[in-house]
Amino acid sequence: MIQFDQVTKRYPGGNEALKNLSFSIESGEMVFLAGHSGAGKSTLLKLIAGIERATSGSVLVNNQNLSKLRSSQLSFVRQHIGLVFQDHKILYDRTVFDNVMLPLDIIGFDRRDAAKRVRAALDKVGLLGKEKMMPVRLSGGEQQRLCIARAVVHRPTILLADEPSANLDRAYALDIMELFKSFHQVGATVLISAHDETLMEDYGRRIIRLREGQFAS
Amino acid sequence: MKHFFYLHWQSASNAFTRILRQPFGSLLNLVMLSVALALPLSLYLCVNSLQDWVGRLSATPQITLFMEMSAEDADLAAVNSTLRKHPRIKGYRFVSRQQALKDMENRNGLSGLADGLESNPLPDAFIVTPATIEPHELEMLQKELSGLPMVETAQFDASWAKRLYGMVDLARKLTVFLATILGIALILITHNTIRMQILARRDEIEVAKLIGATDSFIRRPFLYHAFWQGVLAALIAWGLTCWLVAMANPAITEFAMLYNERVNLISLNAPEVLAVIGLAAFLAMFGARLATGHHLRQLEPR
Ligand SMILES: Nc1ncnc2c1ncn2[C@@H]1O[C@H](COP(=O)(O)OP(=O)(O)OP(=O)(O)O)[C@@H](O)[C@H]1O
Ligand SMILES: [Mg+2]
């Protein structure tokens, strides 16, 4: 499903975020991504979503080499990916409901069914009562859950979550993990990053550990 | 397929309500755009109408032979027979001095004019329609006719018509020039409006792009916005020209009557209106396309 082949990512300015990484993630797998701040977790996730391009090596998603895709084709790859951004990327000029509606608008989902989908997604993260609110009035953790609802509303086949539980207390963090697990159980490929490993170890899944852009042994 | 049209319809109506929802800013923009359109359109109308009139003028060139005041019936008969046999004359008509005076009375509503005058000041005249419209030949003919005995002058308006024709031609070139300049201005104005809008919705565009929106999805609302702006501006500009026509025509007609001519501004016809709307919409969308293209390129992954 996801395959890295000797991938190096160097940011403008010479900063090497990933160094010659090779690994693969099977379809339907649930994998954790661990590492300290600056280890390259976000960079790795962005490469999978085609938000950043590899400097060398190849990133394959669904057997498609992302570096060979045109911009419009990249968009279609992203439509099958659910992304929880580390910095949320919530739109503050529209309601919670409309934020979650955005991915469905993008894939051209029928508007009437879409409303049901949006409510179901908000229900799963415990935000159903706040659908008409503007996001500024949500707490940090609620904003994070909003971001998660937006990532799952269009039922992506790949779910990439960048530190989804960073601002959540343990109870909500576990809830969110359960939500991701339920996605995994219906067949989605799930990749979750965190710098706190304690939560991951309870699940007994594969953990990819990064340190300064390389695998930590 | 139905869904595809539904999405477009949604984009179009959203863009339209967006224009309506920010009345002041979009009104200002619309005014700018419609003035940019109305200027060349008005000039075009004037040129078109003038050209129509000049065309009618030069299509029937006429030479008027004014006889000497002392011309006798015999002299008239001599000229008459010359004209009848002349190969380069298609037809002619005799207007006696009494007839001319009566015409003048009728035309200018000056009944009783003749009574007030001691003697008729008007000469006998022949109005000649030449068989040619070629300017050089016409001039030759005019010279020849003015040399006939007892002919005072042979008046011909060729030089005047030619000059007028030249002026219309110049005005037409000016219209093309102005239309080009203002067409470019229209592109730039919409480019700028759309650029401002993109800046205002930068976050939305970035997020949409990150979660899988195609460039055409992102572009669509802006293109529709530009489309409506172009269409509305064209309609307003058309309204302005109609206003111009309604306002100017009575004055022009009155003025032209003094010279016994029928001149008036001709409004745009339906195909022309459609063409203007189409062109304005196209130019506006072109400007929007440039603006969105520029912005979207900056969002590409590196
Ligand atoms: N846009 C960028 N331009 C330049 N350097 C960058 C950029 N983004 C990340 N980096 C660098 O790449 C390295 C890895 O960054 P990355 O964001 O992937 O780390 P991370 O593991 O997600 O850290 P954190 O846990 O703090 O989110 C860091 O050294 C960072 O400074
Ligand atoms: Mg990160």
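**What to know about the domain arrangement of chain B**
By domain assignment, chain B separates into domain 1 (2-56 + 163-298) and domain 2 (63-156). Put simply, the middle of domain 1 of chain B and the middle of domain 2 of chain B, counted by C-alpha atoms, are 52 Å apart.

**Thoughts on the pairing of strand β6 (residues 81-84) of chain A**
Residues and elements named next belong to chain A. Neither face of β6 is exposed, since I81 and L83 on one face and G82 and V84 on the opposite face are all buried. Bridge analysis of β6 against strand β7 (residues 158-162) gives four bridges, and the strand direction is parallel. Along β7, the bridge assignment pairs L83 with L160.

**A look at the packing of aromatic side chains**
For the structure on display, the rule yields nine aromatic pairs over all chains. For the pair B:F16 and B:W228, a centre-to-centre distance of 4.8 Å together with 65° between the ring planes defines the contact as edge-to-face. Of this pair, B:F16 sits in helix α1 (residues 2-21) while B:W228 sits in helix α9 (residues 215-258); the two residues are 212 residues apart in sequence, bridging distant segments of the chain. With a centroid separation of 5.2 Å and 70° between ring planes, the pair formed by B:F227 and B:W228 is classed as edge-to-face. Looking at B:F227, the relative accessible area reads 26%, which means it is partly exposed. Clustering of aromatic rings is evident, with ring pairs tying together B:F16, B:Y224, B:F227 and B:W228. Looking at A:K89, its charged tip hangs above the ring of A:F85, at a distance of 6.0 Å from the centre.

**Quick word on the confidence of the model for chain B**
Residues and elements named next belong to chain B. Averaged over all residues, the pLDDT of chain B is 84; the fraction at 70 or higher stands at 89%. Of all the helices and strands in chain B, helix α5 (residues 113-116) carries the lowest mean pLDDT, 68, while helix α8 (residues 202-210) carries the highest, 93. Our summary of model confidence lists the complex with pTM equal to 0.75 and ipTM equal to 0.91.

**Describing the coordination of the magnesium ion (ligand 2)**
Residues and elements named next belong to chain A. Listed as protein donors to the magnesium ion (ligand 2) are S42 (OG) and Q86 (OE1); their distances from the metal cover 1.9 to 2.1 Å. Separated by 44 residues along the polypeptide, S42 in helix α1 (residues 41-48) and Q86 in the loop between β6 and α3 (96-107) bring together distant segments of the chain. Accessibility expressed as a relative area gives 17% for S42, which makes it buried. You can call Q86 partly exposed: its relative accessible area is 41%.

**Section: the interface of chain A and chain B**
Counting residues at the interface gives 27 residues for chain A and 20 residues for chain B. In this assembly, chain A and chain B are joined by two salt bridges. The partner of B:E204 in a salt bridge is A:R94, with the nearest N and O atoms 3.0 Å apart. If you list the elements that add at least two residues to the side of chain A that touches chain B, you get α2 (71-79) and α3 of chain A.

Cut-offs and rules
- Residues numbered from 1 in each chain as written.
- Chains lettered and ligands numbered in written order.
- Predicted model: local features only at pLDDT ≥ 70, side-chain atom pairs only at ≥ 80, totals over all residues.
- Heavy atoms only, no water.
- Domains from an automatic or database assignment.
- Buried < 20%, exposed > 50% of the residue type's maximum accessible area, 1.4 Å probe, protein only.
- Helix = DSSP H or I, 4+ residues; strand = E, 2+ residues; numbered from the N terminus.
- Pairing = 2+ DSSP bridges.
- Phe/Tyr/Trp six-rings, centres within 6.5 Å; stacked < 30°, edge-to-face > 60°.
- Lys NZ or Arg CZ within 6 Å of the ring centre and 35° of its normal.
- pLDDT = per-residue confidence, 0-100.
- Donors = N, O, S within 2.8 Å, 3.2 Å for Na, K, Ca; no water.
- Contact = heavy atoms within 4.5 Å.
- Salt bridge = Lys/Arg side-chain N within 4 Å of Asp/Glu carboxyl O.

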